[in-house]
Amino acid sequence: MKGRELVYIPLSQSVCVLTLKSMTKEKPKSIQVHLNGRDHLEFSEDQGKSQFRFIGCHELNQFLTNYRQHHGDNIKSWPLPEGLSHSELLLKELLLKIKGQWNFPYQADELCHCRCVPTAIVDQAILAGAHTPEAVSRWTSASTACGTCRSDVEKMINYRLGLKDKVKA
Ligand code: FES
């Protein structure tokens, strides 16, 4: 696929040993995060092996390659990114999910009932760069009628961007 690359990063031997011990009691797990049609990150553990792989745009590729160079092969020890690019937001989501600390503030499938806008559409818009309620409204039509869903849109933006209730690494 032109402009996209698939990169596999095997984790360190010590992590594999730790994982093997824990895997004797746990089912194989796979954690995936994505920006639709653009970027996909996946962490998996199975049969004592941990693997992190991703496919996506050039920016994501560069960002993850640099992050690995700075923080090593063990993705479980990587610090949470603090920037607001889609690459950083996606990696932060993946790392929090690996740690079991992902507490997304809105759980229902549909966020805006007036415009029938799914929560996932709003979240994808935030990931892609709609970082204000106004931008989310322009991109998705959410919050363009009665306005009662606006506070939930704000909660989602704040959570994604770490503006409130900042999650500890
Ligand atoms: S519920 Fe979103 S505008 Fe009314």
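Residues numbered from 1 in each chain as written. Predicted model: local features only at pLDDT ≥ 70, side-chain atom pairs only at ≥ 80, totals over all residues.

**Student:** Residue-level account of the overall build of the protein, with values.
**Tutor:** Within the protein, the secondary structure is distributed over 6 helices and 6 strands. For the protein, the sequential pattern of α-helices and β-strands runs β-α-β-β-β-α-α-β-β-α-α-α. By residue count, 27% of the 169 residues in the protein fall in the buried class. Within the protein, contacts between residues at least 6 apart in sequence are counted, and of these 56% link residues at least 24 apart. (Helix = DSSP H or I, 4+ residues; strand = E, 2+ residues; numbered from the N terminus. Buried ≥ 20, exposed ≤ 12 C-beta atoms within 10 Å, placed from the backbone. Contact = placed C-beta atoms within 7 Å.)

**Student:** I'd love a proper account of the packing of helix α4 (residues 119-128) against helix α5 (residues 133-140), names of residues and values included.
**Tutor:** Running from N to C, α4 and α5 point in directions that differ by 120 degrees, and their axes come no closer than 10 Å. The orientation of α4 relative to α5 falls into the category oblique. Relative to α5, α4 is oriented so that their crossing is right-handed. Note on element contacts: α5 touches α4 through Val136, Trp139 and Thr140, opposite Ile121, Val122, Ala125 and Ile126. A class-by-class count of the residues in the contact of α4 with α5 yields 6 nonpolar, 1 polar and no charged. (Axes fitted to C-alpha atoms, helices over the stretch in contact; angles between N-to-C directions. Parallel < 35°, antiparallel > 145°, perpendicular 65-115°, else oblique. Left-handed = near helix turned anticlockwise from the far one by under 90°. Nonpolar A, V, L, I, M, F, W, Y, C, P; charged D, E, K, R; others polar.)

**Student:** Residues and numbers for helix α6 (residues 150-161), please.
**Tutor:** Between the first and last C-alpha of α6 there are 16 Å, a value that for 12 residues agrees with the 16 Å anticipated at 1.5 Å per step. Looking only at α6, the buried set comprises Val153, Met156, Ile157 and Tyr159. Down the axis of α6, the smallest arc covering the buried residues is 165 degrees, so these residues share one side. Along its buried surface, α6 packs onto α4 and α5. Where α6 ends, the next residue or the one after it, Gly162, has phi of about 70 degrees, a positive value. (Expected span 1.5 Å × (residues − 1). Arc of directions from axis to C-beta.)

**Student:** Requested: an account of unusual backbone geometry, with residues and values cited.
**Tutor:** Backbone geometry places Cys116, a non-glycine residue, at a positive phi of 55 degrees. Its location among the elements puts Cys116 in the loop between β5 (110-112) and β6 (117-118). We classify Cys116 as exposed; it has 11 C-beta atoms within 10 Å. Residue Ser141 is not a glycine yet carries a positive backbone phi of 80 degrees. For Ser141, the location among the structural elements is in the loop between α5 and α6.

**Student:** Just give me the short version of α4, but keep the residues and values in it.
**Tutor:** For α4, a buried count of 7 out of 10 residues is recorded, marking the element as mostly surrounded by other parts of the structure. Buried within α4 are the following residues: Thr119, Ile121, Val122, Asp123, Ala125, Ile126 and Leu127. Buried residues along α4 sit in contact with β2 (29-35), α3 (86-98), β5, β6, α5 and α6. Within two residues after α4, Gly129 carries a phi angle of roughly 130 degrees, on the positive side.

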